[in-house]
Every structure is written in C-alpha cells, then in structure tokens.
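Chains, contacts and geometry: an overview
The primary structure of each chain is shown beneath.
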Amino acid sequence: MASKSPDAVTDAVIELDRKINDLIAQRVACMAALGEQSSEHSDSVNEVSSSHSQRISDVLARAAIARRANEPGLAVDSGQSQSTRSGQYDEIDLDTDALFRQLDAVCLESVAPVRVAFLGPLGTYTHDAVLHHFGHQVQVLAVPTFAEIFSAIDNGTADYGVAPIENSTEGAVNQTHDLLVDNDLQICGEVRLRIRHSLMSQCETLSAIRAVHAHPQSLAQCRQWLQQNVPYAVTVSESSNAAAAVLAKQSSPEQGIAAIASASAADRFELCSLAQGIEDIANNTTRFVVLGRHQPAPTGHDATSLLISAPHKPGGLRRMLQPLEDAGVSMTRIESRPARTQLWEYLFFIDVTGHCQDPKLADVLTRLKEETPLVRVLGSYPRAAR
C-alpha cells in the first residue's frame, strides 16, 4: 500500500469493513434462502433435518476447496518491509482457515443451529476440535460416552459428532473404531489437532505439586517431562483432561493437585498454568473424525476410509491390497481390529487418497468387492490441512 496519511488509512479501513459487512450479509441471506426452500419442498420434519445436514456437509466441503494452501490471495502484501520497526515482512500469511470456518458457522446458523456431540466435558481437546472445525457459533452437546456420540446423531439430537480416532504417539482409539463397525454413520470430515499439554493447578510453583491428574494417554505423552520436573508427584488417571482440570479447580493449593490439559482449559477453569508444551514428542497430533449422516461431495482433495475383511486364506492380505497398488491409489493408513464375530478373524481400517466417487477409486472398490468378503465405505471427506 502506498504511503498515506493516518486519516486516509482509517477511512480506507472503514470502507473495506463496510464492503466486507455487505458481503457477509449477502452470504447469510443466501443461506437463509436455502433453508426456506428446503422447508417448502420437504413433507416432514425429518426431511427438513436431513436436508439441513446435507446442506451443512456440502457447504463445508465447498468451503474447504477455497481454503487450500497456496491458492491465490492467501498471502497479501503488508506494505511493510523487514526493516520497519514492527518487524513485519512484505507478505503476511493469513489464517484464512479459521476465519472462513467461523464465517461458515455464522452463515449456517442463519438456517438452523449446527448441533455437534462430543465426549465431554467442556474444555477437552475434542471440544477444541469441534470449535476448530465448526466455529464458535456451534451448539455443543457434551456426552459422557463414545457410544452416546453416535446415538445423538442417530436420534436427531445432534447433526454431527466429533471423536478422536488416532494419536501420532499413542496410536489408534479403539472405541471409535469399534463403534464405526457397529453403526452406519458416515465419516464426513477430519480434524488434525496439534496437542500441546499444559500443567495447571491452584498451586503457584512446581515444587508444591504432589499429584498430577489427567487422561491416561496424556499422562503417557508427558511421562518423561513429569519424571524430570515433578518426580515426587504421583500420577492419577481420570476420564478426561477436563475432568482433571475440574478436580484441580476444586482442590486447595495445600493439596498440591495439578492437571494436564490444554491451555484453553486453564483459561476456562481459571487455573495457574505452571508449564506449557510439556509433551515428550513435539509434533504430538491427534486426528479426529467428524461423523454425520451424509457424505460430502468431492472436492478434489479428499480421503476415503474403508472397512475391509481380508480373505481367510493364504495370500489374503496381499489380495486385499493388490487392487490399490494396481490402480496407483495411495494408502495412508491401515489398522487391524479383531472382528469379534469369529475367533482370530480381523477387520482392517484403511485410509486412501481420493473420493469414492472418483472413477479410479470406484473401480478399485468394485475389484475389492470381488476379492474380499466385506468392503464398506466408512466415508469420503475433505482432507484436513497437515
């Protein structure tokens, strides 16, 4: 931006804000019109709800296309060089993903509130994943078990659910995998959340800590840090990190109770953050799946999750994977779980690139159905940003 007086810059910002406000109003009006059209063409409440959920899926999928990295417009000229006092660079990378997710949430709320179930209580990393994917306008429904996430979507209490499926250091979340087998819901999105653990307490120093409470996975992810920094403290498993934070909040400083949770939990429960980033592995990341009743349309940057049972005979696993290799379809993940229906039978959870409607992947699925006793598409959805 060419050099301008402070008053001229202020006037320019006011004018841009007016234009942005007008565009947002137009986007909200379009979403409201879609809602009215759906109601007019539906004969029942269930049809309206189904249409609403499908529309949410489509809007979020289309928005994902617009937010792909390296697209034009995602870096802008700040008008300042490295030598300026502010230290800003000539280009600023904008967090458009967070910005547009919030805009999606505001616009979708004009049609009907988006209701999302997750494993509670409030303040967990899963809660953070919900807000990251759906924006802060979402209506959250904290439930006590993984099974109730699925039930809430089935009975219409929630439009979506969010559940963890794997952690980069601790591996698969088996409860989510087992529930995917037993239910017909679709995986319609994913969230990859960088997990940064904080130690929080009513105490003001590490030396005052006598017990550290957290979810077992979080305790495992911080084992070395705890041994080095609070070796005298016992570790206690809780149902969730948020539950641990609540316990720390309700304790007195004299009890010396600390919790491992996210920084947002420290703010939510007004606890003193004694240390941040205490996880032993710096790139610790949890992948969450977004569950719903509808499959998003292809975006060109998709993943597909499959449930497959390999033939129980010599070379069965090779026969299961051969169609993927022959077609050049990239497999990004494979997990096995006992089938629970027959001794020593296993089911395989496989993630591949592409959408099940893509011709190449559709041909692979046809071949797999000919070669294996079970092939089920758990969902095709936009891939999360790495």
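For clarity, every value in this text was computed on a predicted model and none was experimentally measured. (Residues numbered from 1 in each chain as written. Predicted model: local features only at pLDDT ≥ 70, side-chain atom pairs only at ≥ 80, totals over all residues. Heavy atoms only, no water.)

**Brief notes about the pairing of strand E13 (residues 285–292)**
Which entries qualify depends on this criterion: Relative accessibility under 20% of the residue-type maximum defines a buried residue, over 50% an exposed one, and the middle range a partly exposed one, all with a 1.4 Å probe and only protein chains included. A helix here means a DSSP run of H or I that spans at least four residues, while a strand means a run of E at least two residues long, and both kinds are numbered starting from the N terminus. In this description, strands pair whenever DSSP reports at least two bridges between them.
Counting buried positions along E13 yields seven of eight residues, so the element is predominantly enclosed. Sheet topology note: the strand E5 (residues 160–167)/E13 ladder contains six bridges and is antiparallel. In the strand pairing of E13, Glu-166 is matched with Arg-287. In this structure, strand E7 (residues 186–194) lies alongside E13, joined through eight bridges in antiparallel fashion. Its bridge partner being in E13, Leu-193 is matched across the sheet by Thr-286.

**What about the packing of helix H5 (residues 146–154) against helix H6 (residues 174–182)?**
The packing of two helices is summarised by the inter-axis angle and the distance between the axes. Our working rule: Simply put, an axis is a line fit to the C-alpha atoms, just over the touching stretch for a helix, and the angle between two N-to-C directions goes from 0 to 180 degrees. Here a crossing is called left-handed whenever its near helix is offset anticlockwise from the far helix by less than a right angle, and right-handed whenever the offset is clockwise. Here, residues are in contact when the closest pair of their heavy atoms is within 4.5 Å. Each residue is assigned to one of three groups, with Ala, Val, Leu, Ile, Met, Phe, Trp, Tyr, Cys and Pro labelled nonpolar, Asp, Glu, Lys and Arg labelled charged, and all others, Gly among them, labelled polar.
Where H5 contacts H6, the two axes come as close as 9 Å, and the packing angle between them is 35°. Along this stretch, H5 crosses H6, giving a crossing that reads as right-handed. In this structure, H5 uses Phe-146, Ala-147 and Phe-150 to contact H6, whose residues at the interface are Gln-175, Thr-176, Leu-179 and Leu-180. By residue class, the composition of the contact of H5 with H6 is five nonpolar, two polar and no charged.

**A look at the sheet that holds strand E17 (residues 374–382)**
Pairing within the open sheet is antiparallel, and its four strands lie in the order E15-E16-E14-E17. Taken across any chain shown, the strands that pair with only one partner, and hence form the sheet edges, are strand E15 (331–338) and E17. When strand polarity is set aside, the average angle formed by the axes of neighbouring strands in this sheet is 15°. Across eight bridges, strand E14 (residues 302–309) lies against E17 in antiparallel orientation. Of the residues in E17, the one forming a bridge with Asp-302 is Pro-382. Against the sheet, H6 touches E14, E15, strand E16 (346–353) and E17, its axis set at about 85° to E15. Running at roughly 15° to E16, helix H11 (residues 316–327) makes contact with E14, E15 and E16 of the sheet.

**Some remarks on the nonpolar core**
Just so we agree on the cut-off: What makes a nonpolar core is a set of buried Ala, Val, Leu, Ile, Met, Phe, Trp, Tyr and Cys residues whose side-chain atoms join them at distances within 4.5 Å.
In terms of nonpolar packing, the biggest core is built from 25 residues, with Phe-146, Ile-149, Phe-150, Leu-180, Ile-187, Leu-291 and Leu-378 touching the most fellow members. Mapped by element, the contributors of at least two residues to this core are strand E3 (115–119), H5, E5, H6, E13, E14, E16 and E17. Take this core: its biggest share by element is five residues, from H5. In this structure Leu-291 touches Ile-149, Phe-150, Ile-153, Asp-159, Tyr-160, Gly-161, Ala-163, Leu-180, Gln-186, Ile-187 and Cys-188, once residues within four positions along its chain are discounted. Tyr-125, Phe-134, Val-138 and Val-290 belong to the second largest nonpolar core, which has 17 residues in total.

**Some thoughts on unusual backbone geometry**
For residues besides glycine, phi is generally negative; the peptide bonds are generally trans as well. With an omega of 5°, the peptide bond running from Gly-120 to Pro-121 counts as cis. Phi is positive for Glu-270, which is not a glycine, with a value near 55°. Looking at Glu-270, the relative accessible area reads 61%, which means it is exposed.

**Some words on the confidence of the model for the protein chain**
For clarity, the cut-off: How sure the predictor is of each residue is captured by pLDDT, a score from 0 to 100.
In this model, the protein chain carries a mean pLDDT of 82, and residues with pLDDT of at least 70 account for 76%. A low-confidence stretch, residues 41–50 (pLDDT under 50), is modelled with seven contacts involving residues beyond four sequence positions or located in other chains. When the criterion is pLDDT under 50, residues 69–94 qualifies, and its contacts beyond four places in sequence or with other chains add up to 32 contacts.

**Notes on the side chain of Asp-178**
Threshold: Each polar contact in these results corresponds to two N or O atoms within 3.5 Å; when the atoms are within protein, one needs to be able to donate a hydrogen and the other to accept it, and residues that are neighboring in sequence are counted only if both atoms are side-chain atoms.
Within the secondary structure, Asp-178 sits in helix H6. Overall, the relative accessible area of 15% leaves Asp-178 in the buried class. A polar atom in the side chain of Asp-178 sits 2.7 Å from the side chain of Arg-337.

**Quick look at empty space enclosed by the protein**
Put simply, the test is: Using protein atoms alone on a 1 Å grid, points that fit a 1.4 Å probe yet trap it form a cavity, whereas open point sets bounded by protein on both sides within 12 Å along at least five of seven lines form a pocket; residues with an atom within 4 Å of a point count as lining. Grid points are joined across faces, edges and corners, and a volume is the space filled by probe spheres set on the points.
Enumeration according to the criterion identifies two cavities of 30 Å³ or more in this entry. Taken as a whole, the second largest cavity holds about 40 Å³ of empty space. Taken together, Ile-165, His-177, Leu-180, Ile-187, Ser-305, Arg-333, Phe-349, Asp-351 and Leu-378 form the lining of the second largest cavity. Looking at the lining of the second largest cavity, the elements that each hand over two or more residues are H6 and E16. For the lining of the second largest cavity, the residue count by class is five nonpolar, two polar and two charged.

**Quick word on the packing of H11 against helix H12 (residues 359–371)**
Rule in force here: Throughout this description, any angle smaller than 35 degrees is read as roughly parallel, any larger than 145 degrees as roughly antiparallel, any in the 65 to 115 degree range as roughly perpendicular, and the remainder as oblique.
Where H11 contacts H12, the axes come no closer than 9 Å and their chain directions differ by 160°. The pairing of H11 with H12 is recorded here as roughly antiparallel in orientation. Our pair here, H11 against H12, has a crossing hand that is right-handed. Along the contact surface, H11 presents Arg-319, Met-320, Pro-323, Leu-324, Asp-326 and Ala-327, while H12 presents Lys-360, Val-364, Arg-367, Leu-368 and Glu-371. Considering only residue class, the contact of H11 with H12 consists of six nonpolar, no polar and five charged.

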